[in-house]
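Examining the three-dimensional arrangement
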Amino acid sequence: MAGDLVERGGVRVTQIETTRRVKALVPFHQHAPHVVSMRFRRYAMLTIAFHSMARGNFMPAPYKVAVLVGSLRKKSFNRMLANALSELARPELSLDIVEIGALPFYNDDLEADAPAPWLAVRERLAAADAVLFVTPEYNRSVPAVLKNAVDVLSRPFGSSVLRGKPAAVVSASPGAMGGFGASHHLRQSLVCLGVNVMASPEAYVGNVTALFDDNGALNHAATTEFLKRFVGAFHAWIARLSKS
Ligand code: FNR
């Protein structure tokens, strides 16, 4: 609504100010046909955006974060966690789950005519500013589906779409250790691939079954606060690496 104050990324923008400025500029072109008027409006909007940016008074676009979830279960707690992180990360980060369940197992022989799901997932990751891994622990390690996705994304040799990306890892488990083993096995692969994994804060979410309501919404205040801090730190990490 005109006149509303919109708060984004710590920046406040008055909608009515923008509207007034456009209207103030339009009369110069009252004699012109509609097409010119439309072009002029677009020009006016761009001018205002430029001046707003020059004043440091603008809403930056959110960083695009590809989320890889290491569980295929419909009622996966890790997927619930990824959804909760997505809510908490707005508006600075736009989290988007990239599905990895249909990726054929990695096989170098297939690279000559790479399967379409491999190409699609590589394209999604290449377009992302950062990657967030949200994973359970299977037998003290990374679930095969997630390891396979990492392998697919890391190839062909020399063309890895993961290389240099800012990343973070969150693991979760019904147990008390919160998937610590999976997180660190995953980090081992990511380090070898030159992924810029945020070192801290670390996120091992234990007793995960107690944190969500029947609709899959996070309903645990302390965890919510912790995850807010986590995504805040992740945003700062991405911003820092994106500048260099
Ligand atoms: C598990 N689980 C498990 N949990 C854990 O904390 N450490 C472990 O090593 C394992 N190992 C393990 C192996 C296999 C094959 C399965 C299927 C499960 C339990 C696991 O954490 C639990 O099922 C989670 O709920 C799985 O995450 P999602 O699917 O809810 O996201």
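To be clear, the structure that these remarks concern was listed above.
First, a word on what this report is: a plain description of the structure on this page. Keep in mind the model is a prediction, meaning the values are calculated, not measured.

Quick word on the overall build of the protein
- For the protein, the helix and strand inventory stands at 7 helices and 8 strands.
- With 244 residues in all, the protein has 28% of them scored as buried.
- At a minimum sequence separation of 6, the contacts of the protein that also span at least 24 residues come to 73%.

Observations regarding the pairing of strand S3 (residues 63-69)
- Across the 7 residues of S3, 5 count as buried, placing the element largely inside the fold.
- The pairing of S3 with strand S4 (residues 93-97) spans 5 bridges and is parallel. Each residue of the ladder has a partner; that of Lys 64, found in S4, is Ser 94.
- The parallel pair S3 and S4, bridged by helix H3 (residues 77-89), forms a crossover whose chirality is right-handed.
- In terms of strand pairing, S3 meets strand S5 (residues 130-135) through 5 bridges, oriented parallel. Bridging across to S5, Val 65 finds its partner in Ala 130.

Things to note about unusual backbone geometry
- A cis amide bond, omega 0°, links Arg 90 with the succeeding residue Pro 91.
- Checked against the element boundaries, Pro 91 lands in the loop between H3 and S4.
- With omega at 5°, the peptide bond leading from Ser 200 into Pro 201 counts as cis.
- Residue position: Pro 201 is located in the loop between strand S7 (196-197) and strand S8 (203-205).
- Of note, the phi angle at Arg 140 is positive, near 65°, even though the residue is not glycine.
- Residue classification places Arg 140 among the exposed residues on the basis of 12 C-beta atoms within 10 Å.

Things to note about the site of the ligand
- The environment of the ligand is formed by 14 residues, the closest being Ser 71, Ser 76, Asn 78, Pro 136 and Ser 173.
- Of the residues in the shell around the ligand, the class split is 4 nonpolar, 7 polar and 3 charged.

Details of the nonpolar core
- Core analysis: the biggest nonpolar cluster contains 48 residues, and Val 65, Val 67, Leu 81, Val 131, Leu 132 and Ala 167 have the highest contact counts within it.
- The greatest single-element share of this core, amounting to 7 residues, is contributed by H3.

Focus on the environment of Val 208
- Following the sequence through the fold, Val 208 ends up in the loop between S8 and helix H7 (221-243).
- Through-space distance from the C-alpha of Val 208 to that of Asn 78 is 8.5 Å; in sequence the pair is 130 residues apart.
- Apart from residues no more than four positions distant in its own chain, Val 208 is found in contact with Phe 77, Ala 172, Ser 173 and Pro 174.

With respect to the packing of H3 against H7
- Two elements in contact, H3 and H7, have axes whose closest approach is 9 Å; the angle formed by their N-to-C orientations is 65°. On the basis of the axis angle, H3 is roughly perpendicular to H7. Taken as a pair, H3 and H7 cross one another with a handedness that is right-handed. Here Ala 84, Leu 85, Leu 88 and Ala 89 of H3 lie close against H7, whose contacting residues are Leu 227, Lys 228 and Val 231.
- The class makeup of the residues in the contact of H3 with H7 is 6 nonpolar, no polar and 1 charged.

Basis of the calculations
Residues numbered from 1 in each chain as written. Predicted model: local features only at pLDDT ≥ 70, side-chain atom pairs only at ≥ 80, totals over all residues. Helix = DSSP H or I, 4+ residues; strand = E, 2+ residues; numbered from the N terminus. Buried ≥ 20, exposed ≤ 12 C-beta atoms within 10 Å, placed from the backbone. Contact = placed C-beta atoms within 7 Å. Pairing = 2+ DSSP bridges. Right-handed = clockwise from strand over helix to strand, strands pointing away. Near = placed C-beta within 6 Å. Nonpolar A, V, L, I, M, F, W, Y, C, P; charged D, E, K, R; others polar. Core = buried A, V, L, I, M, F, W, Y, C linked by C-beta atoms within 7 Å. Axes fitted to C-alpha atoms, helices over the stretch in contact; angles between N-to-C directions. Parallel < 35°, antiparallel > 145°, perpendicular 65-115°, else oblique. Left-handed = near helix turned anticlockwise from the far one by under 90°.

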